[in-house]
Amino acid sequence: MPPVTAPPRTPVTLAGMVEGARMTVPMLPGVLVFAAAVGAASAEKGLTLGQAVLMSATVYAGASQLLALQLWPQHFTPAAIAAMVVVTMAVNLRFVLMGAALQPWLSRAPQGPSWLGLAMLTDANFLVGSRHHAGGGNDAGVFVGAGLFMWVIWTLATVPGHLVGHMMTDPRRFAIDMVMPIVFTAMAVGIFRLRRDRLAWPVAAAVALATAQAFDGYWFIVTGALAGSLTAGVLRERT
């Protein structure tokens, strides 16, 4: 019986981190304006500049930050806090699926950098890391570097948004809300596998669209992700 060889360890290099930061550059316009919108919304709700920057640096979750600020009450009550928790949890549940998808790769990397990268997990560095790995790369520094770079940009971009106030509260006013989805879709094409994934994406899109029509809020993110993941899992098992 041939010996079982362990899978190779996943390195984390400085060159990989630099490459990960470089790969996020096409996403910067959308990130800058989105972060500015969060800063503006925080100013509108009465947060100081320091409080707004601290929230972006510690929470670092754009969509849920903006939703939480939209629900920000004048007086906090248990019901108001519960509403904010439920809404933000619904939006962020997708990170559970992203973390599970990255586990086979990052489990072979040093724990410290892996945890740091996961603490900075967003749609952007998930896509950058996944595309790198799907293309045959094995340097987890790409994933870590993309997350750290985007975190710095996000935190700093909160400042001008807070200073300009009401001008950036709605990214749709400048059609900037379309930048991230377009760039994300274009980059995701690189990890699409026609034979294996041909049904997963249409199923995810159909379920997300149906959910958006039937329910208010951002539950379509969760249902679409779950539907696509389950479909992909079934297809891979059959393969």
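Since this is a predicted model, take the numbers as computed values, not measurements. (Residues numbered from 1 in each chain as written. Predicted model: local features only at pLDDT ≥ 70, side-chain atom pairs only at ≥ 80, totals over all residues. Heavy atoms only, no water.)

Quick look at the pattern of salt bridges
So, step 1. Counted by the stated rule, this structure contains 2 salt bridges.
So, step 2. Notably, a salt bridge pairs R22 with E19, separated by 2.5 Å at the nearest N-O pair. Here E19 and R22 lie together in helix α1 (residues 14-23), a separation of 3 residues that amounts to about one turn.
So, step 3. Here E19 falls in the partly exposed class, since its relative accessible area comes to 29%.
So, step 4. Between R94 and D123 there is a salt bridge; the shortest N-O distance is 2.8 Å. Placement of R94 in helix α6 (residues 94-106) and of D123 in helix α8 (residues 123-134) is noted, with a sequence separation of 29 residues between them. (Salt bridge = Lys/Arg side-chain N within 4 Å of Asp/Glu carboxyl O. Helix = DSSP H or I, 4+ residues; strand = E, 2+ residues; numbered from the N terminus. Buried < 20%, exposed > 50% of the residue type's maximum accessible area, 1.4 Å probe, protein only.)

Here's the deal with α8
So, step 1. Here α8 is 12 residues long and its end C-alpha atoms lie 16 Å apart, about the 16 Å a rise of 1.5 Å per residue gives.
So, step 2. Within α8, the full set of buried residues consists of A124, N125, F126, L127, V128, G129, S130 and H132.
So, step 3. Two residues or fewer past α8, G136 is found with a positive phi of approximately 100°. (Expected span 1.5 Å × (residues − 1).)

What to know about the nonpolar core
The nonpolar side chains of a soluble globular protein tend to be buried with one another.
So, step 1. Among the nonpolar cores identified, the biggest contains 21 residues, and M27, V31, V38, V128, M150 and W154 are the most heavily contacted of them.
So, step 2. Those elements that place two or more of their residues in this core are α2 (28-44), α4 (62-70), α8 and α9 (141-164).
So, step 3. Here this core takes 6 residues from α9, the largest share from any one element.
So, step 4. With residues up to four places along the chain from it excluded, the contact list for M150 reads T24, M27, L28, V31, Y60 and A124. (Core = buried A, V, L, I, M, F, W, Y, C linked by side-chain atoms within 4.5 Å. Contact = heavy atoms within 4.5 Å.)

Overview of unusual backbone geometry
So, step 1. Unusually for a residue other than glycine, Y60 sits at a positive phi of about 50°.
So, step 2. Relative to the helices and strands, Y60 resides in the loop between α3 (49-58) and α4.
So, step 3. In this structure Y60 comes out as buried when scored by relative accessible area, which is 9%.

Things to note about the packing of α6 against α8
So, step 1. One way to put it is that α6 packs onto α8 with a least axis distance of 11 Å and a crossing angle of 25°. On the basis of their axis angle, the class for α6 and α8 is roughly parallel. The handedness of the crossing between α6 and α8 is left-handed. Contacts between α6 and α8 involve R94, F95, M98, A101, L102 and W105 from the first element and D123, F126, G129, S130, H132 and H133 from the second.
So, step 2. Its residues placed into classes, the contact of α6 with α8 shows 6 nonpolar, 4 polar and 2 charged. (Axes fitted to C-alpha atoms, helices over the stretch in contact; angles between N-to-C directions. Parallel < 35°, antiparallel > 145°, perpendicular 65-115°, else oblique. Left-handed = near helix turned anticlockwise from the far one by under 90°. Nonpolar A, V, L, I, M, F, W, Y, C, P; charged D, E, K, R; others polar.)

Describing the packing of α2 against α4
So, step 1. Viewed as axis vectors pointing N to C, α2 and α4 meet at an angle of 20°, and their least axial separation amounts to 10 Å. In terms of orientation, α2 and α4 fall into the roughly parallel class. Between α2 and α4 lies a crossing of left-handed hand. Listed contacts from α4 to F34, A37, V38, A41 and S42 of α2 are G62, A63, Q65, L66 and L69.
So, step 2. For the contact of α2 with α4, the class distribution of residues is 7 nonpolar, 3 polar and no charged.

Regarding the environment of A227
So, step 1. Mapping A227 onto the fold places it in helix α13 (residues 219-238).
So, step 2. For the pair A227 and A208, spaced 19 residues apart in sequence, the C-alpha to C-alpha distance is 8.5 Å.
So, step 3. Apart from residues lying up to four places away in sequence, A227 is in contact with V203, A204 and V207.

The analysis is restricted to geometry; functional conclusions fall outside its scope.
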